[in-house]
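Residue-level structural notes
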Amino acid sequence: MDRTPFSPARTDETVRNKHIASLLTAGAAATLLSALTPAPAFSASSATEAKDPLRQYTQQNLRWQRCDAESPAAFQCATLKVPLDYSRPGGRKIDVAVSRLRAGAPEKRRGVLLLNPGGPGGPGLSLPVDPNLSLPQEVKGRYDLIGFDPRGIGQSSPAGCGLTDDEQNDERPYKAATFAKDVAWARTVADKCQAKMGDTLRHLTTRNTARDMDVLRAVLGERKISYLGYSYGTYLGAVYTQMFPQRADRFVLDSATDPAWVWRGMFQGMAEGAEHAFTRWTEWTARRHTTYHLGATPAKVRETFWKLVAGADRDPVDSGGSSLSGADIRSELRGMFPHAQSAAERVAELKKAAEGGKPAPAVTTEAAPDPVAAASAHDVPPDNNAASAWAVLCADSRTWPQDPEQYRRDAIRDKARYPLYGDFASNIKPCAFWKQGSEPTTTVNNKADVLILQNQWDPQTPLPGAQGMHRVLHGSRMVTVAGGEGHGVYGLDGSCADKSATTYLTTGRLPAEDLTCRTSSGRK
């Protein structure tokens, strides 16, 4: 599944609220309600609440306090209450943990900039002070930076299914001999989540997270919000622009996915992108045969890699005390091939180990699960990342096949098309057995003035996905980093695209046309 470009730190304790008074006008209430599904009859405590069923949420007073002793004193946290089911706002309430770092130059303040790290399943509460995210001072000066854990994630009424470590492992290649076991795994994950979470699962959707964002906007007293979202967060941002077009100010979508790929197509898009990255890697590596000794031509490099994979399927390779099969190597390298140098170094290490040399070192790949805080420290279930991710991936879309044999056929087909990762991408997923979400998939098709940033060689959200997002956001501009490697652009590695994003966030000016800039060296 999609992974975040960085790993936010977590706060040390459950936060409570401090005082802020933000009222929602009647006009704003009407706009907010326009994006709701038709609500059935419900009892209200007053005529006012009957006319404005979200009043109890949009006019709540947040109580801000310091997030934790290790964070700056100016970094404050609070808890927002939202309805689990927006069609029944008088029903069960859930928490959304939010944070704030006020604008550094109040006299130049534009408004609020909501931040999302991706996922789905990525906690974002600590993003305003995350050391891996280096936003320019011009941006920090003009915006209150707002972090939040989306519903079901982290401190926000976290989801948990009681999944074991093995059940959380979704990297499963197709093999005829193990397919029945994979089907049983997918069914078990779905059944455990249904047993633990029940009807809650139907409402852990991108559309409802977008609604939560709009409630937060109202509570903060803002007419509009600006937004910076990475990876899955680009889809969340696009859905917000579709549901609340009059409330979207300046939106930067970084490392975007195609809304038409929600969500099975996202996995399959990774497989296609991996093949292009692998081909590029063979060419890069062949030109450096004297360094890596993997082949003097792209064909020879390709032959070396597949020989390594076949040999590891017979006799696993020792890597830091773990035995890697050929499928393990394919899964690991899928996320590394866009980083040509790192991938060449890794394949050379594995080749030496397979030939009887010292074991290859252990690595943590970009596709590794995002860190989740220990349940004892934060009351967050240890499987929160996996549970919340599957909840969104399955509930957002009603197009997941329900017949296991469809997954088998697709996995066989895509392994032939995309040998590196096709069978992983199309193999069966828990969504085959998941109950439907509360609403159909959102169709994104609007004229929002959005800036899309994209590395050419992104292993998680390949370039065609960003191009698909660009096509359905008709007012958008796109900046492509030619030669750019890795997942995530703005504020992460001094990209040539940063200037365009900073200009847009500080002045509102989009580039006059789509741009392509070239990275000086690429990211490993």
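Quantities reported herein were computed from a predicted structural model and do not represent experimental measurements.

So, how was this worked out
Residues numbered from 1 in each chain as written. Predicted model: local features only at pLDDT ≥ 70, side-chain atom pairs only at ≥ 80, totals over all residues. Heavy atoms only, no water. Core = buried A, V, L, I, M, F, W, Y, C linked by side-chain atoms within 4.5 Å. Buried < 20%, exposed > 50% of the residue type's maximum accessible area, 1.4 Å probe, protein only. Helix = DSSP H or I, 4+ residues; strand = E, 2+ residues; numbered from the N terminus. Contact = heavy atoms within 4.5 Å. Salt bridge = Lys/Arg side-chain N within 4 Å of Asp/Glu carboxyl O. 1 Å grid on protein atoms, 1.4 Å probe; cavity = no way out; pocket = protein on both sides within 12 Å on 5 of 7 lines; lining within 4 Å. Points joined across faces, edges and corners; volume = space filled by probe spheres on them. Lys, Arg positive; Asp, Glu negative; His and termini not counted. Polar contact = N/O pair within 3.5 Å; in protein donor to acceptor, adjacent residues only side chain to side chain. Pairing = 2+ DSSP bridges. Phe/Tyr/Trp six-rings, centres within 6.5 Å; stacked < 30°, edge-to-face > 60°. pLDDT = per-residue confidence, 0-100. Expected span 1.5 Å × (residues − 1).

1. Let's talk about the nonpolar core
- The biggest cluster of nonpolar side chains holds 85 residues, and the ones touching the most others in it are Leu80, Val98, Leu114, Trp390 and Trp434.
- Counting residues per element, this core draws most heavily on helix α6 (residues 179-197), at eight residues.
- Setting aside anything within four residues of it in sequence, one finds Leu114 in contact with Ile146, Phe148, Met213, Leu216, Ile225, Ser226, Tyr227 and Leu228.

2. A few points about the pattern of salt bridges
- What the rule picks out here adds up to 24 salt bridges.
- Across the salt bridge formed by Asp410 and Arg264, the nearest N and O atoms sit 2.8 Å from each other. Taken together, the residues span a long stretch of sequence, with Asp410 in helix α16 (residues 404-417) and Arg264 in helix α9 (residues 264-286) at a distance of 146 residues.
- Residue Asp410 is classed as buried on the basis of its relative accessible area, which comes to 6%.
- The partner of Arg346 in a salt bridge is Glu349, with the nearest N and O atoms 3.6 Å apart. With Arg346 and Glu349 both in helix α13 (residues 340-354), this residue pair falls three residues apart, about one helical turn.
- Residue classification places Arg346 among the buried residues on the basis of a relative accessible area of 2%.
- Taking relative accessible area as the criterion, Glu349 reaches 30% and is therefore assigned partly exposed.

3. Thoughts on the layout of surface pockets
- The space that makes up the second largest pocket amounts to roughly 330 Å³.
- Listing elements by their share of the lining of the second largest pocket, those giving two or more residues are α11 (298-314), β8 (317-319) and α13.

4. Let's talk about the side chain of Asp458
- Relative to the elements of secondary structure, Asp458 occurs in the loop between β10 (450-457) and α18 (463-472).
- Buried charge without a salt bridge: Asp458, with Arg334 as the nearest opposite-charge side chain at an N-O distance of 7.3 Å.
- In this structure the side chain of Asp458 is engaged in a polar contact, spanning 2.8 Å, whose partner is the backbone nitrogen of Gln460.
- Among the polar contacts made by the side chain of Asp458, one reaches the side chain of Thr461 at a distance of 3.0 Å.
- The residues contacting Asp458, other than those within four sequence positions of it, are Ser255, Gly486, His487 and Gly488.

5. Brief notes about unusual backbone geometry
- Pro120 follows Gly119 through a cis peptide bond whose omega is -5°.
- Relative to the helices and strands, Pro120 is located in the loop between β4 (111-116) and α4 (137-142).
- Note that the residue after Val262, namely Trp263, is joined by a cis bond; omega there is -15°.
- Topologically, Trp263 is positioned in the loop between β7 (248-254) and α9.
- Of note in this structure, His293 is not a glycine but carries a positive phi near 55°.
- Residue position: His293 is located in the loop between α10 (289-292) and α11.

6. Some words on the pairing of β10
- The buried fraction of β10 amounts to seven of the eight residues, a majority that puts the element mostly inside the structure.
- Pairing of β7 with β10, which is carried by four bridges, proceeds in the parallel orientation. In the sheet register, Phe251 faces β10, and the bridge partner there is Val450.
- Judged from the six bridges that link them, β10 and strand β11 (residues 477-485) form a sheet pairing that is parallel. Among the inter-strand pairings, Trp457 is bridged to a residue of β11, identified as Glu485.

7. Comments concerning the side chain of Asp68
- On the secondary structure map, Asp68 appears in the loop between β1 (65-66) and β2 (76-83).
- Within the buried core, Asp68 has no salt-bridge partner, and the shortest N-O distance to an opposite charge, that of Arg66, equals 6.3 Å.

8. Things to note about the packing of aromatic side chains
- For the coordinates displayed, the defined rule picks out 18 aromatic pairs.
- Between Phe267 and Trp390 the ring centres are 6.4 Å apart and the planes differ by 10°, which places this aromatic pair in the stacked class. Linking Phe267 in helix α9 with Trp390 in helix α15 (residues 384-395), this pair joins segments that are 123 residues apart in sequence. Assigned by exposure class, Phe267 and Trp390 land together as buried.

9. Focus: the confidence of the model for the protein
- Predicted confidence across the protein gives a mean pLDDT of 89, with 87% of residues reaching 70 or more.
- The model gives residues 1-45 a pLDDT under 50, and that stretch makes 152 contacts with residues more than four places away or in other chains.

10. Focus on α15
- Here α15 contains 12 residues, and its C-alpha end-to-end distance of 16 Å stays within 8% of the 16 Å for a straight helix at 1.5 Å per residue.
- Most of α15 is tucked away, with 12 of its 12 residues classed as buried.
- Of all the positions in α15, only Asn384, Asn385, Ala386, Ala387, Ser388, Ala389, Trp390, Ala391, Val392, Leu393, Cys394 and Ala395 are classed as buried.
- Next to the buried residues of α15 lie α5 (165-168), α6, α7 (206-219), α8 (232-243) and α9.

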